[in-house]
Amino acid sequence: MDEEDLALIHALQLRPRAAWTALAPVLGSSPTALAQRWQRLRAAGLAWVTAYPVHGALSGDAVVALVEVDCLPGSVDEVAARVERMPRVHNLEHAAQGRDLLLTVSAGTFGELSALLLDELRHIPGVATVRSHLGARMHIEGSQWQLDALDRGQREAILRSGKRERVRPDEPVYLRSRVFEPLVTALAYDGRATAAELAERLHRPASTVRRQLAALLGSGVLRLRCEIAQLHTRWPMHAVWWCRLPISALPETVARLREDPRIRLCMSVTGSASLVVNAWTADLADLLSLQDVLERLLPAGGIVDGSVILRTSKRVGWLMHPDGRCTGEVIPLPGPPS
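Criteria and thresholds
- Residues numbered from 1 in each chain as written.
- Predicted model: local features only at pLDDT ≥ 70, side-chain atom pairs only at ≥ 80, totals over all residues.
- Heavy atoms only, no water.
- Helix = DSSP H or I, 4+ residues; strand = E, 2+ residues; numbered from the N terminus.
- Expected span 1.5 Å × (residues − 1).
- Buried < 20%, exposed > 50% of the residue type's maximum accessible area, 1.4 Å probe, protein only.
- Arc of directions from axis to C-beta.
- Contact = heavy atoms within 4.5 Å.
- Polar contact = N/O pair within 3.5 Å; in protein donor to acceptor, adjacent residues only side chain to side chain.
- Pairing = 2+ DSSP bridges.
- Phe/Tyr/Trp six-rings, centres within 6.5 Å; stacked < 30°, edge-to-face > 60°.
- Lys NZ or Arg CZ within 6 Å of the ring centre and 35° of its normal.
- Axes fitted to C-alpha atoms, helices over the stretch in contact; angles between N-to-C directions.
- Left-handed = near helix turned anticlockwise from the far one by under 90°.
- Nonpolar A, V, L, I, M, F, W, Y, C, P; charged D, E, K, R; others polar.

Enquirer: Tell me what's going on with helix 11 (residues 284-297), and back it up with residues and numbers.
Expert: Residues separated by three or four positions in an α-helix point in the same direction, a consequence of the helix having 3.6 residues per turn. An ideal rise of 1.5 Å per residue puts 20 Å on 14 residues; helix 11 measures up with 20 Å between its terminal C-alpha atoms. Those residues of helix 11 not exposed but buried are Asp286, Leu287, Leu290, Leu294 and Leu297. Down the axis of helix 11, the buried side of the element spans an arc of 105 degrees, and every buried residue falls inside it. For helix 11, exposure combined with an orientation more than 90 degrees from the buried face picks out Leu284, Ala285, Leu288 and Arg296. Of the surrounding elements, those touching the buried residues of helix 11 are strand 7 (237-243), helix 10 (250-258), strand 8 (263-269), strand 9 (275-281) and strand 10 (303-315). Regarding helix 11, its N-cap is aspartate 283, as a side-chain oxygen of that residue lies 3.2 Å from the backbone nitrogen of alanine 285 further along.

Enquirer: So, the pairing of strand 6 (residues 222-228): which residues are in play, and what are the values?
Expert: Burial of strand 6 is extensive: 5 of the 7 residues sit out of reach of the surface. Relative to strand 6, strand 1 (residues 47-53) runs antiparallel, the two sharing 7 bridges. Residue pairing across strands places valine 49 opposite cysteine 226, the latter belonging to strand 6.

Enquirer: How would you summarise helix 5 (residues 110-120) if you had to cite specific residues and measurements?
Expert: The complete set of buried residues in helix 5 reads Leu113, Leu116 and Leu117. Buried residues of helix 5 fall within an arc of 85 degrees about the axis and therefore sit on the same side. For helix 5, the secondary structure elements touched by its buried residues are strand 2 (64-71), strand 4 (101-106) and strand 5 (127-140).

Enquirer: Tell me about the packing of aromatic side chains, residues and numbers included.
Expert: For any pair of aromatic rings, geometry is given as the distance between the ring centres together with the angle between the planes. Tallied over the full model, the rule gives 4 aromatic pairs. Where tryptophan 48 meets tryptophan 318, the ring centres are 5.8 Å apart and the plane angle is 35 degrees; that geometry is what we call tilted. Here tryptophan 48 is found in strand 1, whereas its partner tryptophan 318 is found in strand 11 (residues 318-320), with 270 residues between them in sequence. For the pair formed by tryptophan 48 and tryptophan 318, the shared burial category is buried. Clustering of aromatic rings is evident, with ring pairs tying together Trp48, Tyr189 and Trp318. Sitting over the ring of tyrosine 189, arginine 42 keeps its end group 5.0 Å from the ring centre. The residue whose ring lies beneath arginine 264 is tryptophan 280, and the NZ or CZ to ring-centre distance is 3.9 Å.

Enquirer: Can you tell me about the packing of helix 8 (residues 195-202) against helix 9 (residues 206-219), naming the residues and giving the values?
Expert: At a minimum axis separation of 8 Å, helix 8 and helix 9 run at an interaxial angle of 115 degrees. For the pair helix 8 and helix 9, the crossing hand works out as right-handed. Between helix 8 and helix 9, the contacting residues are Ala195, Leu198 and Ala199 on the first element and Ala206, Val209, Arg210 and Leu213 on the second. Residues that form the contact of helix 8 with helix 9 fall into these classes: 6 nonpolar, no polar and 1 charged.

This is how it looks when you write it as C-alpha cells:
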C-alpha cells in the first residue's frame, strides 16, 4: 500500500461511512479516484469496513472474555477451524508461547457467556484446557486504533464534517428484531453499503431501508470500524501482555497507555492478571521497547505473562488469510438481547 492508500484508510478509520465527496478535498483527490482506490483495497483484502453490536462490556458489564486454549498434540488446526466458525468468537489468534490459541469471545448476557465457556468451548474435540479472563471494563478498543497517515489539520477537518450528520433516532433500536437484524448482518459484510445497495440485497424498499439505516446508525448500538491487513502495514508484530497492578494505579496507567499509538486494546480482567494490553509494533526491537514502557509504568513484577501472536485467523468476525489479508468471508457477531 502506498501513502495515498494509507491516507484513505486513516480517513475511513475516523469516519467509516464518509462520502467520497466529503473526503476528496481533505485528501487532495477526486471522489471517483477515492472510490476506485477503495474498491481496489477492498477487493485485495487489504482494508475493509465492518459493523458489529456494541455489547455491555464496552460500558462495564462482564459479557466479554479473553480465552486461552491449549490443544491436544496435532489438533490445533482442527480446533481453530471449528472455533473460527462460531459467531460469538470475535478474534482467533495463534500464540507463540504459553497457549496455543487466544480467543476474544462475547455474549449478550453473563449466562450466555458462562454457557459458551463451560458447555461449548471445553467440549470441542481436541481442546485440552481452557482458561478464561472475564472482561470487567474496556479502556481502549481496536476501533480506536488509527494509522499515522493524516496530519492534525486533516483529521480535524474529517471529524468536523461528520458532526453535522449525527442524528439520534426517536425510537429505541433492538438489534435482534426482525427489522434490524438483517441490516446489521449486511453492514457487517460491508459497513459502507448505501441504502440502495442494502435495499437490493435485503429485497426491501429503498425508502424503508434508508429510514431504518438512519435509525440504526444514530442509535449508538452499532460500531463501525475500518480494518487493515496488519502484515501489510508498518506494524507487523503483534503482542499481548497480562499485567497486574493496584486498582488505584489504573487510571494513570490507562491514561499513559492511551498516548502510545501502538496500543490496540487495554481491558481490565478478572484473575491473577488484572489488565490485558494488546499492541502492534514495527519489529521485535519495538516490541521490547514497548515492554520496557510497561515495566516502567507497572509496579515490580507487574507483567504476569506475555505472548507474541504468530497469526490471526479471525478478527472482529472476519476470516483472515495467513498473510493478514481478509478472505472476504465474515461471520457476523450476534447482537445483545432485545
